[in-house]
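Breakdown of the fold
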Amino acid sequence: MQSQLLRLTVLLTFILPNLQNLSAKELENPRAITVIGTGYVGLVLGSCLAEIGHQVTCCDVDSRKISSLERGEIPIYEEGLEDLVHNNTIKNRLFFTTSLKNAVLESDIIFITVGTPETLSGEANLDYVFSAAQLIGENLNRTKTVFVKSTVPMGTIIKIKEVIQAHNSANVPFSIGYAPEFLREGTSVSDFMHPDRVVIGVENTETSQLFTEIVQPILDDGAKILTTSIASAEMIKYASNSFLAVKISFINEIADFCEKIGADVEEVALGMGLDKRIGQSFLKPGPGYGGSCFPKDTLAFLKSADKNSIHLSIIDAAVQSNNTRCEKILTRMEKTLGTFQGKKIAVLGLAFKENTDDVRESPSLKIIDYLVQKKAYVKSYDPIATQNALKFYPELNIARTLYEAFEDCDAIIVATPWNLFTQIDWQIVKQICRGSFVFDTRNILCPMEVKNAGFSYMGIGKKPLME
Ligand code: UGA
């Protein structure tokens, strides 16, 4: 009952408001904008800027991606995005091209949203960002403003400016700003339209005024804008992601302690979060943070600090804690099961979190890896992310339906908090599977419902309920 109430509170507080009013008020002074890079950030940014009234050209060197976007096919699963792309393409406000040069020549406002993937040493790879900068420099036919949205380490924006200038043979004036991105995958369209805050790092007021004008409909809708120096904006991005990562590792360790002394981490998180200084969000314990941002950004932040002779010991500890998280929770499960060897385990969920098809740094894949190493036989199911998971892990054994995953299994692990898994009929599952053990690494199930169907329930940071 208590955990159902908790779930209802979370639904009313965080999820429902995000699903409302996906589009903001339209704009009075539309601009022609070029967006370089059509990954998560670029595609969402471009579509949302078009939705609020701008004329947007999204460009990418990946011709297959651009062709499919021109056909209206969206390469990622993201709520609301397909409709935005479709509606704005029809209204002639959103265009896709591989002709980066023309897109730069024809626009006065350019956003750089290319990826900054992790290098082997943990630093951000800035090759794509600098290539975009070079292209802009070579095609500065008239005064332009460049806004960078890619996540880049401290000091990079000034280097981007230098690269543009190095290729600006006609010495055309240009200005640069850093607009860090705070979108979450799965809710990015609604996050764009209704952000908590918009941050813009600039060198002069004209650039921040231009940016403010571009996003005015969002500000009219209640978002706060903060203008800072470029260095502060760079720091805000990494410090924000790292702080959230620290919060997750913190609650994960508190969950371990709760298990030891018989406290319930959900009650603890609620009790802590009711203090406005702490807040409810990002206090959900689980198998550790994943995705394309937190693991990469925390490492890049540490590296960047190291280069400046600063040791970010708290973030370092959060990273270490996250690195061992999956193994830690699986060891606990193994103790209860006796051994994983030869056991058939159903792993529910492959995406790194709910409402996305992204499996990058997904805890689910780490869980599967561990189980396979321990010679367990794993069958997994995900409503959306299977195709992406197979690209990383071609030998995955995938169930065609959710209930097929349970056939003859000895244990069930909930790895991704998809809403679908909260609707499982455990009485039916009991008839299909062989064993009677459910490990809910996301605390999304109703423990009593699972127990009443004849299973032993183990969550994170709470007392197990044995059958
Ligand atoms: C994150 C930030 O939340 C965004 O603000 C930021 O813009 C984005 O990175 C980015 O830098 O581009 P995202 O990676 O989409 O967004 O996902 P989150 O919702 O932050 O979740 C990250 C991971 O933490 C997931 O594995 C999630 O399951 C986990 N998590 C999150 C928890 O384990 N507990 C929580 O309470 C919250």
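Residues numbered from 1 in each chain as written. Predicted model: local features only at pLDDT ≥ 70, side-chain atom pairs only at ≥ 80, totals over all residues. Heavy atoms only, no water.

Digging into the sheet that holds strand β4 (residues 109–112)
Taken in spatial order, the 8 strands line up as β3-β2-β1-β4-β5-β6-β7-β8 in an open sheet, and their pairing is mixed. Each end of this open sheet is capped by a strand with a single partner; those strands are β3 (94–97) and β8 (224–229). For this sheet the average axis-to-axis angle between neighbouring strands, irrespective of direction, equals 25 degrees. Where strand β7 (residues 197–202) and β8 come together, 6 bridges link them in parallel fashion. Bridge assignment links Arg197 to a residue of β8, and that residue is Lys224. Packed on one face of the sheet, helix α9 (residues 205–214) meets β1 (32–36), β4, β5 (144–148), β6 (174–178), β7 and β8 and runs near 75 degrees to β5. (Pairing = 2+ DSSP bridges. Helix = DSSP H or I, 4+ residues; strand = E, 2+ residues; numbered from the N terminus. Axes fitted to C-alpha atoms, helices over the stretch in contact; angles between N-to-C directions. Contact = heavy atoms within 4.5 Å.)

Some thoughts on the domain arrangement of the protein chain
Taken as a whole, the protein chain is organised into domain 1 (29–228), domain 2 (238–323) and domain 3 (325–458). The straight-line distance from the C-alpha centre of domain 2 to that of domain 3 is 24 Å. Of the residues lining the interface, 16 residues belong to domain 2; the matching set on domain 3 comes to 15 residues. Carbon and sulfur atoms supply 46% of the area that domain 2 and domain 3 bury against each other, a total of about 1,300 Å² over both sides. In this structure, the connection of domain 2 to domain 3 is made through 3 salt bridges. Put simply, Arg332 and Glu259 hold a salt bridge, and the shortest N to O gap is 2.9 Å. Seen at the junction of domain 2 and domain 3, the total is 9 residue pairs in polar contact (both at pLDDT 80 or more). Residue assignment for the side of domain 2 that touches domain 3 shows that the elements contributing at least two residues are α11 (230–261), α12 (265–273) and α14 (313–323). Looking at the side of domain 2 that touches domain 3, its residues break down into 4 nonpolar, 9 polar and 3 charged. (Domains from an automatic or database assignment. Buried area = accessible area lost by both parts, 1.4 Å probe. Salt bridge = Lys/Arg side-chain N within 4 Å of Asp/Glu carboxyl O. Polar contact = N/O pair within 3.5 Å; in protein donor to acceptor, adjacent residues only side chain to side chain. Nonpolar A, V, L, I, M, F, W, Y, C, P; charged D, E, K, R; others polar.)

Some remarks on the site of the ligand
Around the ligand sit 19 residues in total, of which Leu183, Glu185, Lys237, Asn241 and Arg442 are the nearest. One of the side-chain nitrogen or oxygen atoms of Asn241 is found 2.7 Å away from an oxygen atom of the ligand. Within the contact set of the ligand, an oxygen atom lies 3.2 Å away from a backbone nitrogen or oxygen of Phe352. Starting from 710 Å² of accessible surface for the ligand in isolation, the protein chains cover 91%. Secondary-structure elements contributing two or more residues to the shell around the ligand are α11 and α13 (294–307). The greatest single-element share of the shell around the ligand, amounting to 3 residues, is contributed by α11. Grouping the constituent residues of the shell around the ligand by class yields 9 nonpolar, 2 polar and 8 charged. (Near = heavy atom within 4 Å. Areas by Shrake-Rupley, 256 points an atom, 1.4 Å probe, with all protein chains shown as cover.)

What to know about the pairing of strand β10 (residues 377–381)
When you tally the buried positions in β10, you get 4 out of 5 residues, the bulk of the element. Sheet topology places strand β9 (residues 344–348) next to β10; 5 bridges connect them, and they run parallel. Paired with Lys344 across the two strands is Tyr377, which belongs to β10. Taken together, β9, helix α16 (residues 363–373) and β10 form a β-α-β motif whose crossover is right-handed. (Buried < 20%, exposed > 50% of the residue type's maximum accessible area, 1.4 Å probe, protein only. Right-handed = clockwise from strand over helix to strand, strands pointing away.)

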